[in-house]
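Examination of the molecular architecture
Listed below are the residues making up each chain.
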Amino acid sequence: MRILVTGGTGQLGSAVVARLRAAGEEVRVLSRRAGPDVVRGDLRSGRGVDSAVAGMDAIVHCATDFLHETTLARTLIEAARWAGAPHLVYVSIVGVDRVPLGYYQAKHETEQLLAASGLPCTIQRATQFHGLVRTLLAPATRLPVVPVPRISFQPVDVRDVARRLTDLVQDDPVGRVPDFGGPEILTATELAQAVGEASGRFRRIVPLKVPGETFRAYAEGGHLAPEHRDGEITFREYLTGRTQMYSD
């Protein structure tokens, strides 16, 4: 297959590219960044997108933008229509229809755009990536006391998600598929402890109840997929691997 990966130089996209190439697929990478085997293009402006999509059998849409998520999708959908309607696989987030966060709402709107586009598509929702959870908690571990919200997460590794996306893009389009979650559901306290231990910083952690509609949705588990613990790499395994990577 000839497969285009948008955002193919990013955290998830690069893992998808590596997985697809290991499977013997012909992969083209679309990114705003220059790099080896990269087709430069901008989904916000449309520059370079038509040529990147041309001749592709399928597209894995990993590119994302907190402010322009639907714009990226509209540009890609239009280019895909002109290119003969390749199978389009989109990565969304578990809970986009339950958590009233602006970015989640944009992801949900993008799901709806794809479903109404007439293109053959597959939509995969995943829980929060390990890297995102670590990024959220790492700065707090530098404080004498670490405040964390009274919520839980189900972090998943991008390599596990890449494995799932590789299977989906090689198969027929099926619309929205079951959610994909990490192997464990852990409290923010447990996750902060793991981050502190991995960095050698041991701090007192104080769970806090955070007001607001968004945090209430998180506290109620709107972003979790407890029935779909499909990932294999745990958060601590991710942290250990990251530490080893930087020490080598």
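Residues numbered from 1 in each chain as written. Predicted model: local features only at pLDDT ≥ 70, side-chain atom pairs only at ≥ 80, totals over all residues. Heavy atoms only, no water.

As a further point, take helix H1 (residues 11–22). Residues that lie three or four places apart on an α-helix share one face, since the helix turns once every 3.6 residues. The end-to-end C-alpha distance of H1 is 17 Å, a good match for the 16 Å that 12 residues give at a rise of 1.5 Å each. Among all positions in H1, only Leu12, Gly13, Ala15, Val16, Val17 and Leu20 are buried. If you follow the buried residues of H1, they end up packed against strand S1 (2–6), strand S2 (26–31), strand S4 (58–61), strand S5 (87–93) and helix H6 (158–169). In the segment just after H1, Gly24 is the residue with positive phi, at about 90 degrees. (Helix = DSSP H or I, 4+ residues; strand = E, 2+ residues; numbered from the N terminus. Expected span 1.5 Å × (residues − 1). Buried < 20%, exposed > 50% of the residue type's maximum accessible area, 1.4 Å probe, protein only. Contact = heavy atoms within 4.5 Å.)

Once that is clear, we can look at the packing of aromatic side chains. Scanning all chains against the criterion turns up 4 aromatic pairs. Relative to Tyr103, the ring of Phe66 lies with its centre 4.3 Å away and its plane at 35 degrees, an arrangement referred to as tilted. Of this pair, Phe66 sits in the loop between S4 and helix H3 (69–82) while Tyr103 is found in helix H4 (residues 102–115), placing the two residues 37 residues apart along the sequence. Among the residues examined, Phe66 registers a relative accessible area of 61% and is labelled exposed. Ring centres of Tyr104 and Tyr218 lie 6.3 Å apart, and the angle between their planes is 80 degrees; this geometry places the pair in the edge-to-face category. Separated by 114 residues along the polypeptide, Tyr104 in helix H4 and Tyr218 in helix H8 (residues 213–219) bring together distant segments of the chain. Note on accessibility: Tyr104 and Tyr218 belong to one class, buried. Cluster of aromatic residues (ring-pair linked, three or more members): Tyr104, Phe215 and Tyr218. (Phe/Tyr/Trp six-rings, centres within 6.5 Å; stacked < 30°, edge-to-face > 60°.)

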